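# Understanding the architecture of this molecule
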Amino acid sequence: MRIDIITCLPRLLDSPFSHSILKRASEKGLVEVIVHDLRDFTTSKQRQTDDYQFGGGAGMVMMIEPIHNAITKLKSEREYDAIIYMTPDGKTLNQGMANSLSMLKNLIILCGHYKGVDERARERYITHEISIGDYVLSGGELAAAVLADSLIRLLPGVLSDETSALTDSFQDNMLSPPVYTRPAEFMGLKVPEVLLSGHDKNIEAWRMEKALERTKERRPDLYEKLD
Ligand code: ADE
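Residues numbered from 1 in each chain as written. Predicted model: local features only at pLDDT ≥ 70, side-chain atom pairs only at ≥ 80, totals over all residues. Heavy atoms only, no water.

Here we come to the domain arrangement of the chain. In terms of domains, the chain is made up of domain 1 (2-152) and domain 2 (167-223). Here domain 1 and domain 2 have C-alpha centroids that lie 37 Å from each other. (Domains from an automatic or database assignment.)

This is the structure we're talking about:
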């Protein structure tokens, strides 16, 4: 998978892709994340990427021209399966969307800033508009990192334990059961007996019961949809 991220604050994305699982994924050649500075695609001397909004009102709007230049250049180099704009008024990201997007090969993610981007750029170039939740961030960079992380960890070979992405919360529209590690007892707090029993069938049944219990209690909306 190749992910091109277009942003006017590229440094904000230095860290998320330089550690742990995402770093290893790119070292293994399973993903390539390229961050582009939107200012490199401006034609003005001041490298301006935003301007006042027509009709008045507070807040700057990202201009269409540098976005056009950046996306056109990338599209001339390869075919893209999705051009995503991170925005609080997009479709809320969920595991199903992450699963589908993780099967694509080349993605562009455009990060918004200020009041957002000129609507014409959205209409013209964007194929998917995605929000990471009902709250407003200062910009789309952290949201882009969240989206990219949710996709990259699903790529075959990225997680060392191949089954672990499949048992994540939400993969079956259920939350995950509680987990424990050593010691088996800490200051009188004990790990549930069944997990120490070595009896795989009982462990599996216990995990299912706890997952259902947790989903019912914390996410009744998901629980109602289970069959
Ligand atoms: N940009 C600002 N807030 C956002 C959000 N909640 N999701 C995606 N992009 C954003």
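You can see G90 is positioned in strand β5 (residues 82-92). Residue G90 is classed as buried on the basis of its relative accessible area, which comes to 18%. Contact partners of G90, with chain neighbours within four places excluded, come to E129, I130 and S131. (Helix = DSSP H or I, 4+ residues; strand = E, 2+ residues; numbered from the N terminus. Buried < 20%, exposed > 50% of the residue type's maximum accessible area, 1.4 Å probe, protein only. Contact = heavy atoms within 4.5 Å.)

As for its position among the elements, L175 is in the loop between α5 (141-152) and β8 (185-186). Accessibility expressed as a relative area gives 13% for L175, which makes it buried. Along the sequence, L175 and K216 sit 41 residues apart, while their C-alpha atoms lie 9.2 Å from each other. Every residue in contact with L175, bar those within four places of it in the chain, is listed here: S169, F170, A211, R214, T215, R218, R219 and L222.

A contiguous nonpolar patch, built from L9, L12, Y135, L137 and L142 and spanning about 440 Å² of accessible area, is present on the exposed surface. With respect to the secondary-structure elements, L137 resides in the loop between β7 (128-131) and α5. (Patch = residues over 30% accessible without salt bridge, like charges linked within 9 Å, V, L, I, M, F, W, Y side chains within 5 Å. Areas by Shrake-Rupley, 256 points an atom, 1.4 Å probe, with all protein chains shown as cover. Salt bridge = Lys/Arg side-chain N within 4 Å of Asp/Glu carboxyl O.)

With parallel pairing, the five strands of this open sheet are ordered in space as β2-β1-β6-β5-β7. Each edge of the sheet is formed by a strand with only one pairing partner; in this case those strands are β2 (32-37) and β7. Averaged over all adjacent pairs, the angle separating strand axes in this sheet is 30 degrees, with direction ignored. Direction of pairing for β5 relative to β7: parallel, over a ladder of five bridges. Bridge pairing links T92 to S131 in β7. On the sheet, α5 packs against β1 (2-7), β2, β5, β6 (106-111) and β7 and is oriented at approximately 160 degrees with respect to β6. (Pairing = 2+ DSSP bridges. Axes fitted to C-alpha atoms, helices over the stretch in contact; angles between N-to-C directions.)

Now for unusual backbone geometry. With an omega of 5 degrees, the peptide bond between R182 and P183 qualifies as cis. Structurally, the position occupied by P183 is in the loop between α5 and β8. With a phi close to 45 degrees, M187 is a non-glycine residue in the positive phi region. By relative accessible area, which is 73% here, M187 ends up exposed.

This next bit is on the pattern of salt bridges. All chains considered together, the criterion is met by 13 salt bridges. Between R120 and D118 there is a salt bridge; the shortest N-O distance is 2.6 Å. The class for D118 is buried, based on a relative accessible area of 16%. Two residues, R153 and D168, come together in a salt bridge whose shortest N-O distance is 2.4 Å. Placement of the pair is R153 in the loop between α5 and β8 and D168 in the loop between α5 and β8, with a sequence separation of 15 residues.

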